[in-house]
Each structure stands twice: as structure tokens, then as C-alpha cells.
Amino acid sequence: ALAGAPSPEDLPLRPPHDPPSPSWWPPAPGWWLVAGAVLLALAVLGWWRWRRRRHRLRCEGLFHAQLSAAKTPAAEVAAMSELLRRAARRREPAAVAYAGDDWLRVVEGGRRGPHFEPDQQQLLLEGGFRRQVAADEAAALRAPVLRRYLQLMGAGR
């Protein structure tokens, strides 16, 4: 050892200390980008759902307005048939010229068919042309027609 130099045992050594851990605020720039992307995705999803809900409510409003304008159950069935025809035209433009079974094929089309019972199908085809339609038959047809109308209009759930 050198003359006059203290020995290693005589040195006042302390254990090394860790640096302070980084604080959580402010976050790194990457986290700001992630937060911005999440907020943007939530905003787009909210806007899309709002538009979809608004479209659904407009379609339901049109459906109920057309039915409330009908004075008789036969006129109600005719209005339902007309609404389905208009909606089917959105899926298949040539559907406006279809009649009978061809029109029913378009209305019943899709993965979730059949949408109507056979007697309801017959009522949709002929009900608007009958002089008399039972009120309970027209009432029983409302819910499935509304459901299918909303699906064809792209406003179904």
C-alpha cells in the first residue's frame, strides 16, 4: 500500500443508493398517443351508435305514421305491404316489379328467415285487396312486419 494512504477498511463507504423512480405524471408521448387513439375510437363508436339509433327511430316513426293514417285493418295491411315493398327495394332494386311468391322471396330472404307464418304471408299478399280484414289479424301482423321492415331498412338490431 502507499505510504499515507488509508487502508480500504478505514474508508467511510456507504451502500450505493438507487435513483428515484420516474414519476407517473406526465406520461410519455406514446401514452398520449394511445389515449388519443382510444378517445377517437370511442367518439367514432358513439357517433355511429347515435346515427344508427336516429335512423331506427326515424324508420319506426315512418312505420307508425303510415299505420296510423290507415282507417281500416285492410288499409293497415296494405300500408304494411307497401312499407315492406319500399324496404325490400333497398336490398334488391328489382323487387319493385315483383309480385306474389317472387316478392315474398325477397321479403322472407336473409339468414334469419322465415319471418312470417304462412297465413301472415298470405295476408301480406292479399290483405290490401280484401274488403274485410279482421282487426286481430292486422294487429298480429304489426310486430313481425315492423321487425322485418327495420331489418330491411338497415335499422334492425
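Up top you'll find the structure we're talking about.
The following refers to the structure shown. (Residues numbered from 1 in each chain as written. Predicted model: local features only at pLDDT ≥ 70, side-chain atom pairs only at ≥ 80, totals over all residues. Heavy atoms only, no water.)

1. Comments concerning a negative patch on the surface
So, step 1. Among the surface-exposed residues, Glu117, Asp119, Asp136 and Glu137 lie close enough to one another that they form a single negatively charged patch.
So, step 2. Along the chain, Glu137 falls in helix α5 (residues 135–152). (Patch = residues over 30% accessible without salt bridge, like charges linked within 9 Å, V, L, I, M, F, W, Y side chains within 5 Å. Areas by Shrake-Rupley, 256 points an atom, 1.4 Å probe, with all protein chains shown as cover. Salt bridge = Lys/Arg side-chain N within 4 Å of Asp/Glu carboxyl O. Lys, Arg positive; Asp, Glu negative; His and termini not counted. Charge placed at Lys NZ, Arg CZ, Asp CG, Glu CD. Helix = DSSP H or I, 4+ residues; strand = E, 2+ residues; numbered from the N terminus.)

2. Here's the deal with the environment of Arg85
So, step 1. Residue position: Arg85 is located in helix α2 (residues 73–91).
So, step 2. Residue classification places Arg85 among the partly exposed positions, given a relative accessible area of 25%.
So, step 3. Expressed as a C-alpha distance, the spacing of Arg85 and Gly128, which sit 43 residues apart in the sequence, is 13 Å.
So, step 4. Dropping the residues within four chain positions of it, Arg85 is found in contact with Ala95, Val96, Tyr98 and Trp103. (Buried < 20%, exposed > 50% of the residue type's maximum accessible area, 1.4 Å probe, protein only. Contact = heavy atoms within 4.5 Å.)

3. Observations regarding the packing of α2 against helix α3 (residues 101–108)
Packed helices, taken two at a time, are described by the angle their axes make and the gap between the axes.
So, step 1. Between α2 and α3, the shortest axis-to-axis distance is 10 Å and the interhelical angle comes to 70°. Judged on the interaxial angle alone, α3 and α2 are roughly perpendicular. Contacts from Ser81, Leu84, Arg85 and Ala88 of α2 reach α3 at Trp103, Val106 and Val107.
So, step 2. Broken down by class, the residue content of the contact of α2 with α3 amounts to five nonpolar, one polar and one charged. (Axes fitted to C-alpha atoms, helices over the stretch in contact; angles between N-to-C directions. Parallel < 35°, antiparallel > 145°, perpendicular 65-115°, else oblique. Nonpolar A, V, L, I, M, F, W, Y, C, P; charged D, E, K, R; others polar.)

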